[in-house]
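Read off the chains here:
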Amino acid sequence: MSTPAGRQQSSTATYSQAIRNLENARTRMATIQQQVQEAKTTLQAHYQGPDGQAYSQVMDTWLGEVDRIKSTCEAMETQLGNSMRSSNAAQGHGLDAVVGQGRLSALGGSVAGGAYAAMNGN
């Protein structure tokens, strides 16, 4: 059974929305990451004791984790894009196999053949 065109569009829209959400999240994380980096730079200039160094290390750890999360988001965006293309191609090929060629390929018969005509009262 093929997927109706409306459903394929809905699937594509779902993939696209998920990709946009990940892109937006990654952009917001980068903005916050920059703000934290600026705060770290300011604190380093004014807060240089052992506790300031410890705080700087915590911020470095946090900044590194944000880099890791952004990379994961980017990988997920790529995978969702690949999945969307594969899904669309598979649905298109399925539709072509059943309708485009006018054959019920799984059964090896023609849609215009005797069994089909008999079911339609012809």
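The paragraphs below set out a description of the structure included in this document. The residue count restarts for each chain, going from 1 along the sequence in the order it is written. The model is predicted, so local features are restricted to residues of pLDDT at least 70 and side-chain atom pairs to those at 80 or more, both for listing and for counting; the totals for chains, interfaces and linings are taken over all residues. For side-chain calculations, the full set of non-hydrogen atoms in the structure is used, while hydrogens and water are omitted.

## Let's talk about the overall build of the protein chain
Turning to step 1, where the next piece is worked out: Within the protein chain, the regular secondary structure consists of three helices and two strands.
Turning to step 2, where the next piece is worked out: Only runs of H or I of at least four residues qualify as helices and only runs of E of at least two qualify as strands under DSSP, and these elements are numbered from the N terminus. Start at the N end of the protein chain and walk to the C end: the helices and strands fall as α-α-β-β-α.
Turning to step 3, where the next piece is worked out: Burial status follows relative accessibility: with a 1.4 Å probe on protein chains alone, a residue under 20% of its type maximum counts as buried, one over 50% as exposed, and anything between as partly exposed. Residue burial in the protein chain is summarised as follows: out of 122 residues, 17% are buried.
Turning to step 4, where the next piece is worked out: For the protein chain, the share of sequence-separated contacts (at least 6 apart) that also reach a separation of at least 24 residues comes to 68%.
Turning to step 5, where the next piece is worked out: We get accessible surface area from the Shrake-Rupley algorithm with a probe of 1.4 Å; when it comes to residues, only the shown protein chains can shield them. As presented, the protein chain carries roughly 8500 Å² of accessible surface, and 56% of it is formed by carbon and sulfur atoms. For this analysis, residues touch if any pair of their heavy atoms sits within 4.5 Å.

## Quick notes on the environment of Thr41
Turning to step 1, where the next piece is worked out: Relative to the helices and strands, Thr41 is located in helix H1 (residues 5-46).
Turning to step 2, where the next piece is worked out: On the basis of relative accessibility, which here comes to 45%, the residue Thr41 falls in the partly exposed class.
Turning to step 3, where the next piece is worked out: On a C-alpha basis, the gap between Thr41 and Ser56 in space is 8.8 Å, while along the polypeptide they are 15 residues apart.

## Observations concerning the environment of Ser83
Turning to step 1, where the next piece is worked out: With respect to the helices and strands, Ser83 occurs in helix H2 (residues 50-100).
Turning to step 2, where the next piece is worked out: Each C-alpha atom of the pair Ser83 and Tyr15 lies 8.3 Å from the other, and the pair is 68 residues apart in sequence.

## Some points on the pattern of salt bridges
Turning to step 1, where the next piece is worked out: Put simply, a salt bridge is a Lys or Arg side-chain nitrogen that is within 4 Å of an Asp or Glu carboxyl oxygen. Scanning all chains against the criterion turns up four salt bridges.
Turning to step 2, where the next piece is worked out: With its nearest N and O atoms 2.5 Å apart, the salt bridge here joins Asp60 to Lys40. Linking Asp60 in helix H2 with Lys40 in helix H1, this pair joins segments that are 20 residues apart in sequence.
Turning to step 3, where the next piece is worked out: Lys70 serves as the salt-bridge partner of Asp67, at 3.8 Å between the closest nitrogen and oxygen. Pair noted here: Asp67 and Lys70 are both in helix H2, with a separation of three residues, about one helical turn.
Turning to step 4, where the next piece is worked out: Overall, Asp67 belongs to the partly exposed group, its relative accessible area being 39%.
Turning to step 5, where the next piece is worked out: Lys70 sits in the buried class, given a relative accessible area of 17%.

## A few points about the side chain of Lys70
Turning to step 1, where the next piece is worked out: We define a polar contact as two N or O atoms separated by no more than 3.5 Å, with the added condition that, inside protein, one atom must be a possible hydrogen donor and the other a possible acceptor, whereas residues neighbouring each other in sequence contribute only through side-chain atom pairs. Looking at Lys70, its side chain comes within polar contact range of the side chain of Gln33, at 2.6 Å.
Turning to step 2, where the next piece is worked out: Beyond its immediate chain neighbours, meaning those up to four positions away, Lys70 contacts Arg26, Met29, Ala30 and Gln33.

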